[in-house]
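Chain by chain, the residues run as shown.
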Amino acid sequence: MLKMLTFFQGLPGQQPVSGAPDFPRSPQKLPSTSEAESEASMSEASSEDLVPPLEAEVAPDRDEEEAGKKKKKSKGLATMFSVFTKGRKKKGQPSSAETEGESECSPRPPGQLPTVEELKVDLERGRLEAAGPLLALELELQEAAAAGRASGEELVRRQSKVEALYALLRDQAAAERLGGRPAADAEGRTEAERAFLHMGRTMKEDLEAVVERLKPLFPADFHVVAAYAESYHAHFAAQLAALTQFELCPRDTYMLLVWVQNLYPNDILNSPKLAPELQGVRLGTLLPPTQIRLLEATFLSNEVASVRELTARALELESNRWTQDVAPQRLDARCHSELAIDIIQIISQGHAKAESITLDLGTQIKPLLLVELATFLRSYQRAFDEFLERCRQLRNYRANVIANINNCLSFRTSVEQRWQTPPDLRSSLLSPLNELKSRGFDTLLQSLFGGLKPLFKRFTQTRWAAPQQTLEEIISAVAERMPEFSELQDCFREELLEVVHLHLVKEYIARLCKRRLVLKTAEQQQQLAGHVQANAQLIQQFCTQNGSPATWLHHALPTLAEIIRLQDPSAIKIEVATYATWYPDFSKGHLSAILAIKGNLSSSDAKSIRSILDINTGAHEPSKALFSLIKVG
């Protein structure tokens with residue numbers, strides 16, 4: 001018993017879904033006939049194959065039909081450029097194929113069905129309205145089978161031709177819908193982007209229409225949704241395969257990968273309406289895996305080159321503003337530059353683009369982008385160094401220095417928190433930033449430290465006669481300059497205050513180590529120790545109140561004061577051993593300079609005290625230097 005389609009019965013009053021196909025797939029194939037055989041034999045068929053004998057007598061002349069068929073042959077799939085150039089007929093206007101068909105075919109008597117040849121020509125021309133007569137032919141065939149007017153072999157032969165026409169109808173629906181010219185838009189999309197959008201949106205809408213309108217009319221074993229999906233997939237894939245044969249611009253390469261790897265499988269095939277219908281249907285990818293890998297490699301190369309170009313351009317524009325003495329912006333009373341924001345955005349967008357294709361591609365591009373960032377930061381450091389050397393006389397010199405120091409915060413935060421980087425790469429990223437910040441601090445503090453130098457010399461010039469007064473003048477000079485650093489970000493202002501704190505302690509110790517002061521009595525030594533202790537407290541109080549986080553410096557001066565005060569060599573040894581654990585760069589040279597102040601200490605006791613530094617105290621290597629910055633002579 002043949003399975004016949006009756007899906008159009010009861011549909012005349014229904015309105016088709018706008019813009020979506022409403023055509024069935026061919027019935028399930030009979031095992032005795034293949035689709036290829038039926039297509040090949042179709043040119044030999046006439047209406048006698050599909051209609052009762054009495055109606056066959058009034059069929060049009062076969063010679064006219066053959067002539068009409070030969071005059072208009074199937075054009076096959078559209079070429080790649082038809083995606084952009086093929087027109088769609090306007091609503092209410094006949095297509096050229098329709099006009100030509102009307103002129104070629106002789107008038108058909110009312111009620112007479114078209115022949116297989118006529119339907120085939122109509123379908124090849126894209127006249128998808130031929131589905132109605134095709135159904136009528138199948139109904140006639142169904143009646144013939146029911147009435148026993150044809151043998152089983154004859155029915156199989158006729159049915160195979162109808163099946164071939166249904167397959168042609170389905171494929172013509174895909175070709176007509178996907179091959180249409182995409183509508184122009186005002187969003188600046190390229191032709192390829194508009195074509196991708198048109199094909200993807202059309203395929204989704206059409207398949208959803210098939211699910212809603214055609215599937216209910218078919219038995220489950222017809223798998224009508226899968227049939228249409230396979231046809232649309234094949235046409236979509238053919239268009240993309242043709243496109244990849246040509247050289248693509250970076251933008252179209254990216255868009256092609258987004259559609260193939262993301263939008264098509266996720267937004268179309270896996271949409272809520274289609275995903276349940278396509279379970280178990282293996283459509284595959286729109287492009288072969290090898291072609292996808294090649295396109296991904298091209299995308300990675302294009303994106304890295306684009307990031308390199310954009311970051312270099314951003315640095316050039318920013319450095320031009322420095323040299324042209326353009327004042328930086330102020331944001332929340334801080335000197336501000338957009339450079340760090342621009343660079344981070346460029347890197348992040350490159351990463352996001354790769355992830356929009358696949359998460360795996362995002363993983364692949366991340367180390368490449370971070371290498372580009374490291375290269376940029378070294379270039380940034382060199383450009384900043386050149387600015388520091390050549391532009392000292394500019395009016396906005398210090399403001400731009402502060403703005404660039406502030407830039408380091410955004411870069412550092414991204415490296416340490418946003419981008420998980422291996423230690424070696426993190427070091428290569430942070431090293432240029434630390435150098436830039438350090439050079440900026442040196443520039444900002446150069447005049448301040450230069451002004452403090454004569455004041456520190458006064459300690460030794462007066463043989464520590466009035467150390468309290470001298471230090472108060474030093475603190476006043478520093479306090480007077482503090483407002484100059486208010487436009488630094490808070491964290492960098494604290495770091496700069498730590499540098500100031502370190503400088504005050506370092507210079508004070510350097511004056512104690514000049515070997516120009518020798519005190520013979522214990523009373524004199526205790527008096528000097530008292531001055532050092534008081535001065536240490538003043539330095540610590542001032543720096544802490546202004547935001548210095550350098551608590552590691554708190555023991556530097558008080559312990560030296562204690563070494564000067566003590567008279568028992570054994571007690572001095574204990575203090576020295578403890579001091580060496582806090583400041584491992586405290587050397588015998590520094591210790592000898594301090595012990596030289598104690599004029600009543602024998603050389604043998606001094607040697608014994610120095611030997612304590614030969615013992616491994618278990619101290620860890622310091623992250624910050626103090627005594628290694630102090631020269632002793």
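Provided above is the structure to which this section pertains.
Criteria and thresholds
Residues numbered from 1 in each chain as written. Predicted model: local features only at pLDDT ≥ 70, side-chain atom pairs only at ≥ 80, totals over all residues. Heavy atoms only, no water. Helix = DSSP H or I, 4+ residues; strand = E, 2+ residues; numbered from the N terminus. Buried < 20%, exposed > 50% of the residue type's maximum accessible area, 1.4 Å probe, protein only. Contact = heavy atoms within 4.5 Å. Areas by Shrake-Rupley, 256 points an atom, 1.4 Å probe, with all protein chains shown as cover. Phe/Tyr/Trp six-rings, centres within 6.5 Å; stacked < 30°, edge-to-face > 60°. Lys NZ or Arg CZ within 6 Å of the ring centre and 35° of its normal. Expected span 1.5 Å × (residues − 1). Core = buried A, V, L, I, M, F, W, Y, C linked by side-chain atoms within 4.5 Å.

S.K.: Hey, could you run me through the overall build of the protein chain in this one?
M.R.: Broken down by element type, the protein chain carries 23 helices and two strands. Taking all 633 residues of the protein chain together, 48% fall into the buried category. Across the protein chain, contacts joining residues at least 24 apart in sequence account for 81% of those joining residues at least 6 apart. In the structure as shown, the protein chain presents an accessible area of about 31300 Å², 51% of it carried by carbon and sulfur atoms.

S.K.: Honestly, the packing of aromatic side chains in this entry has me stumped. Any pointers?
M.R.: How two aromatic rings sit relative to each other is set out by the distance from centre to centre and by the angle between their planes. Under the defined criterion, the tally for this structure stands at 20 aromatic pairs. Between Phe376 and Phe411, the aromatic rings sit 6.2 Å apart at their centres with planes inclined by 50°, giving tilted as the arrangement. Of this pair, Phe376 sits in helix H14 (residues 359-390) while Phe411 sits in helix H15 (residues 397-418), and the two are 35 residues apart along the sequence. With respect to class, Phe376 is no different from Phe411; both count as buried. Here Tyr579 and Phe586 contribute two aromatic rings whose centre-to-centre distance is 4.9 Å and whose plane-to-plane angle is 90°, an arrangement assigned as edge-to-face. Neither residue differs from the other here; Tyr579 and Phe586 are each classed as buried. Sitting over the ring of Tyr254, Lys353 keeps its end group 4.7 Å from the ring centre.

S.K.: Can you walk me through helix H19 (residues 522-545) in this structure?
M.R.: Given 3.6 residues per helical turn, the α-helix brings residues three or four places apart onto the same face. For H19, spanning 24 residues, the distance from its first C-alpha to its last is 35 Å, which sits close to the expected 34 Å at 1.5 Å a residue. Among all positions of H19, only Gln525, Leu528, Ala529, Val532, Asn535, Ala536, Ile539, Phe542 and Cys543 are buried. Buried residues belonging to H19 abut helix H16 (423-461), helix H17 (467-481), helix H18 (490-512) and helix H20 (556-565). Phi turns positive one or two residues past the end of H19, at Gly547, with a value near 105°.

S.K.: Just checking my understanding: could you explain the side chain of Asn407 for this structure?
M.R.: Within the secondary structure layout, Asn407 lies in helix H15. Look past the residues within four positions of Asn407 in its chain and what remains in contact with it is Ser337, Leu339, Ala340 and Tyr380.

S.K.: So what exactly am I meant to see when it comes to the nonpolar core here?
M.R.: When a protein is soluble and globular, its nonpolar side chains tend to lie buried together. In terms of nonpolar packing, the biggest core is built from 143 residues, with Leu373, Phe411, Leu504 and Ile509 touching the most fellow members. Residue contributions to this core peak at 14 residues, all from H16. The contact partners of Leu373, leaving out residues within four places of it in the chain, are Ile343, Ile347, Phe411, Trp419 and Leu429.

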